[in-house]
Amino acid sequence: MAGAFGAHGLRALVTERGLEVFHTAVSYQVYHSLALILVAMLVALGGPRRWLLAAAGFFLAGILLFSGSLYLLVLTGLSWLGPVTPLGGLCFMIGWGLVVVAGLRR
């Protein structure tokens, strides 16, 4: 839904760079939503629950901080949101690291 909004609803409202940033936010949201599904499947298959639930929490935080800050940056122009984005990226990296740890613990 966010991708369709960005492709059709924002074209006349923001710059080309704004559309690129919005697209990046959508892409990372989709990738990490799929990662959340993967984590749920790994838990269902008996993976180390503690590590996987922690990974899911970091993926969710990453989506909110990374994609959320980019969405707000494009839609509101609030430049102070820029420094929030790397925190979301860090959450994504920690989440993937926890998935690796869970795999090694198995």
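Note: the structure precedes this text.
Thresholds applied
- Residues numbered from 1 in each chain as written.
- Predicted model: local features only at pLDDT ≥ 70, side-chain atom pairs only at ≥ 80, totals over all residues.
- Heavy atoms only, no water.
- Phe/Tyr/Trp six-rings, centres within 6.5 Å; stacked < 30°, edge-to-face > 60°.
- Axes fitted to C-alpha atoms, helices over the stretch in contact; angles between N-to-C directions.
- Helix = DSSP H or I, 4+ residues; strand = E, 2+ residues; numbered from the N terminus.
- Parallel < 35°, antiparallel > 145°, perpendicular 65-115°, else oblique.
- Left-handed = near helix turned anticlockwise from the far one by under 90°.
- Contact = heavy atoms within 4.5 Å.
- Nonpolar A, V, L, I, M, F, W, Y, C, P; charged D, E, K, R; others polar.
- Patch = residues over 30% accessible without salt bridge, like charges linked within 9 Å, V, L, I, M, F, W, Y side chains within 5 Å.
- Areas by Shrake-Rupley, 256 points an atom, 1.4 Å probe, with all protein chains shown as cover.
- Salt bridge = Lys/Arg side-chain N within 4 Å of Asp/Glu carboxyl O.
- Polar contact = N/O pair within 3.5 Å; in protein donor to acceptor, adjacent residues only side chain to side chain.
- Core = buried A, V, L, I, M, F, W, Y, C linked by side-chain atoms within 4.5 Å.
- Buried < 20%, exposed > 50% of the residue type's maximum accessible area, 1.4 Å probe, protein only.

**Looking at the packing of aromatic side chains**
Item 1. One pass over the full model with this rule turns up six aromatic pairs.
Item 2. Members of the aromatic cluster, joined through ring pairs, are Tyr28, Tyr31, Phe66 and Phe92.

**Side note on the packing of helix α2 (residues 16-44) against helix α4 (residues 84-105)**
Item 1. Following both chains from N to C, one finds α2 and α4 inclined at 25°, their axes separated by 12 Å at the closest point. As far as their axial angle goes, α4 and α2 are roughly parallel. Helix-helix and strand crossings are classified by hand; for α2 and α4 the assignment is left-handed. Contacts from Tyr28, His32, Ala35, Leu38 and Val39 of α2 reach α4 at Phe92, Trp96 and Val99.
Item 2. When its residues are assigned to classes, the contact of α2 with α4 shows seven nonpolar, one polar and no charged.

**Considerations on the packing of α2 against helix α3 (residues 49-76)**
Item 1. Where α2 meets α3, the axes come as close as 9 Å, and the angle between the chain directions of the two elements is 165°. One finds that α2 runs roughly antiparallel with respect to α3. Relative to α3, the crossing made by α2 is left-handed.

**Quick notes on a nonpolar patch on the surface**
Item 1. A contiguous nonpolar surface patch, about 600 Å² in accessible area, is contributed by Tyr28, Val30, Tyr31, Leu34, Ile37 and Met41.
Item 2. In this fold, Tyr31 is placed in helix α2.

**Let's talk about the side chain of Ser67**
Item 1. Secondary-structure assignment places Ser67 in helix α3.
Item 2. One polar contact links the side chain of Ser67 to the main-chain carbonyl oxygen of Ala25, over a distance of 2.8 Å.
Item 3. A polar side-chain atom of Ser67 sits 3.5 Å from the main-chain amide nitrogen of Gln29.
Item 4. Not counting the four nearest positions on each side in its chain, Ser67 is found in contact with Ala25, Tyr28, Gln29 and Gly62.

**Thoughts on the nonpolar core**
When a protein is soluble and globular, its nonpolar side chains tend to lie buried together.
Item 1. Among the nonpolar cores identified, the biggest contains 19 residues, and Val39 and Phe59 are the most heavily contacted of them.
Item 2. The set of elements that each furnish at least two residues to this core consists of α2, α3 and α4.
Item 3. Looking at this core, the element that brings in the most residues is α3, giving nine residues.
Item 4. Setting aside anything within four residues of it in sequence, one finds Val39 in contact with Leu52, Ala56, Phe59 and Val99.

**Quick look at the side chain of His32**
Item 1. Mapping His32 onto the fold places it in helix α2.
Item 2. Of the residues examined, His32 reaches a relative accessible area of 5% and is grouped as buried.
Item 3. Within the local environment of His32, its side chain forms a polar contact with the side chain of Trp96, the two groups lying 3.1 Å apart.
Item 4. Setting aside chain neighbours within four positions, we find His32 in contact with Phe59, Ile63, Phe92 and Trp96.

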